[in-house]
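Analysis of the macromolecular model
The lines below spell out each chain.
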Amino acid sequence: EIIIVKDQDELRMFPLYKGMNAKIKVLLKDVPGALAIVTNIIAKSECNIIVSNSVPMEKDLAEWSAILQAKNTDNLPKLKKNLTDSAVVERVKLFY
């Protein structure tokens, strides 16, 4: 599978490998440092962020989505729990 990201005048392609990649959607509080907390949890879970997008929502919330590369997708349920337990995260959806 390949993900294609169109950014202004540039088109980027990223190969996705079965058993190594996941898509994540996080609804988080729109406060300073919230995204840093989320990405730190992801880094501690031995995942790399391949591409991401953040969109402000209403009611002081933001939605952040990303394609992750994991050393092992077996660790992703623990990542979801760690994110859900964070004070800045409202909801997590993880697809792999």
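The present account deals with the structure reproduced in this document. Note that the coordinates shown come from a computational prediction; the quantities given were computed from them, not determined experimentally. (Residues numbered from 1 in each chain as written. Predicted model: local features only at pLDDT ≥ 70, side-chain atom pairs only at ≥ 80, totals over all residues. Heavy atoms only, no water.)

Remarks on the pairing of strand β4 (residues 47–56)
Going by this rule: In short, DSSP must find at least two bridges between two strands for them to pair. For helices the rule is a DSSP run of H or I covering at least 4 residues; for strands it is a run of E covering at least 2, with both sets numbered from the N terminus onward.
Across nine bridges, the pairing between β4 and strand β5 (residues 61–70) is antiparallel. Within β5, the residue paired with V55 across the bridge is E63. Linking β4 back to β5 in an antiparallel pair, the connection comprises four residues, with K59 at a positive phi of about 60°.

Focus on unusual backbone geometry
Our working rule: Partly exposed describes any residue whose relative accessible area lies between the buried limit of under 20% and the exposed limit of over 50%, with all areas from a 1.4 Å probe on protein chains only and scaled to the type maximum.
Even without a glycine there, the phi angle at E46 is positive, about 60°. Given the relative accessible area of 45%, E46 is considered partly exposed.

Here we look at a positive patch on the surface
What counts, and what does not: Patch construction takes residues with relative accessible area above 30% that form no salt bridge. Like charges are linked within 9 Å, and nonpolar side chains (Val, Leu, Ile, Met, Phe, Trp, Tyr) are linked within 5 Å. Accessible surface area values rest on a Shrake-Rupley calculation with a 1.4 Å probe, where residue burial reflects the displayed protein chains alone. What makes a salt bridge here is a side-chain nitrogen of Lys or Arg within 4 Å of a carboxyl oxygen of Asp or Glu, nothing more. Think of it this way: Lys and Arg go in the positive column, Asp and Glu in the negative one, and His and the chain ends go nowhere. Working definition for charges: the position is that of NZ of Lys, CZ of Arg, CG of Asp or CD of Glu.
On the surface, K23, K25, R91 and K93 cluster together to form a positively charged patch. Tracing the sequence through the fold places R91 in strand β6 (residues 89–95). The exposure class assigned to R91 is partly exposed, which follows from its relative accessible area of 43%.

Some remarks on the sheet that holds strand β3 (residues 21–29)
Convention followed: Axes here refer to lines fitted to C-alpha atoms; in helices the fit is confined to the stretch in contact. Angles between the N-to-C directions go from 0 to 180 degrees.
Taken in spatial order, the four strands line up as β4-β5-β3-β6 in an open sheet, and their pairing is antiparallel. Each of the sheet's edge strands pairs with one partner strand only, and the pair in question is β4 and β6. When the angles between neighbouring strand axes are averaged without regard to direction, this sheet yields 15°. Alignment of β3 against β6, held across six bridges, turns out to be antiparallel.

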